[in-house]
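Summary of the model geometry
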Amino acid sequence: MITPNNILYHELICLPTKVVDSRIKSLVGLKGKVVMETKNMLYVDDGTKVRAVPKKVSVFEFILPSGHSIKLSGISIIGRPESRLSKMR
């Protein structure tokens, strides 16, 4: 179960997200579901197209399946997803 305490060690794909801050101002306010993740980018489907959002310069708000929301600096999730997931082991 994904919680605010262990989200860094879970898969982010399919989670609803919102870009709450970014140095790329056109991305601020972008809402949608994470459809893909790479080392440095999250790809968010906003319902009309998939937008690439750089992790390093953005802050995200994720809505967890439990309904809780959590804000994460993109810097905290930089890295290959599979490497981030294996850190907890």
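The following refers to the structure shown. (Residues numbered from 1 in each chain as written. Predicted model: local features only at pLDDT ≥ 70, side-chain atom pairs only at ≥ 80, totals over all residues. Heavy atoms only, no water.)

1. Quick look at the sheet that holds strand 3 (residues 41–45)
Our working definition: Whether two strands pair comes down to DSSP finding at least two bridges between them. Secondary structure elements are taken from DSSP: a helix is a run of H or I of four residues or more, a strand is a run of E of two residues or more, and numbering for both begins at the N terminus. Every axis corresponds to a line fitted to the C-alpha atoms, with the helix fit spanning only the stretch in contact, and the corresponding angles, defined between N-to-C directions, vary from 0 to 180 degrees.
Across the sheet, six strands lie side by side as 4-3-2-1-5-6; this open sheet has antiparallel pairing. In this open sheet, the two edge strands, each paired with only one partner strand, are strand 4 (50–54) and strand 6 (69–73). Direction aside, neighbouring strands of the sheet carry axes that sit 40° apart on average. Pairing geometry for strand 2 (residues 31–37) and strand 3, over four bridges, is antiparallel. Its bridge partner lying in strand 3, Met36 is registered against Tyr43.

2. So, the environment of Ile70
The condition that has to hold: Between two residues, a contact is recorded if the distance between any of their heavy atoms is within 4.5 Å.
With respect to the helices and strands, Ile70 occurs in strand 6. Spatially, the C-alpha atom of Ile70 lies 15 Å from that of Glu11, the residues being 59 residues apart in sequence. Dropping the residues within four chain positions of it, Ile70 is found in contact with Pro4, Ile7, Phe60, Glu61, Phe62 and Leu64.

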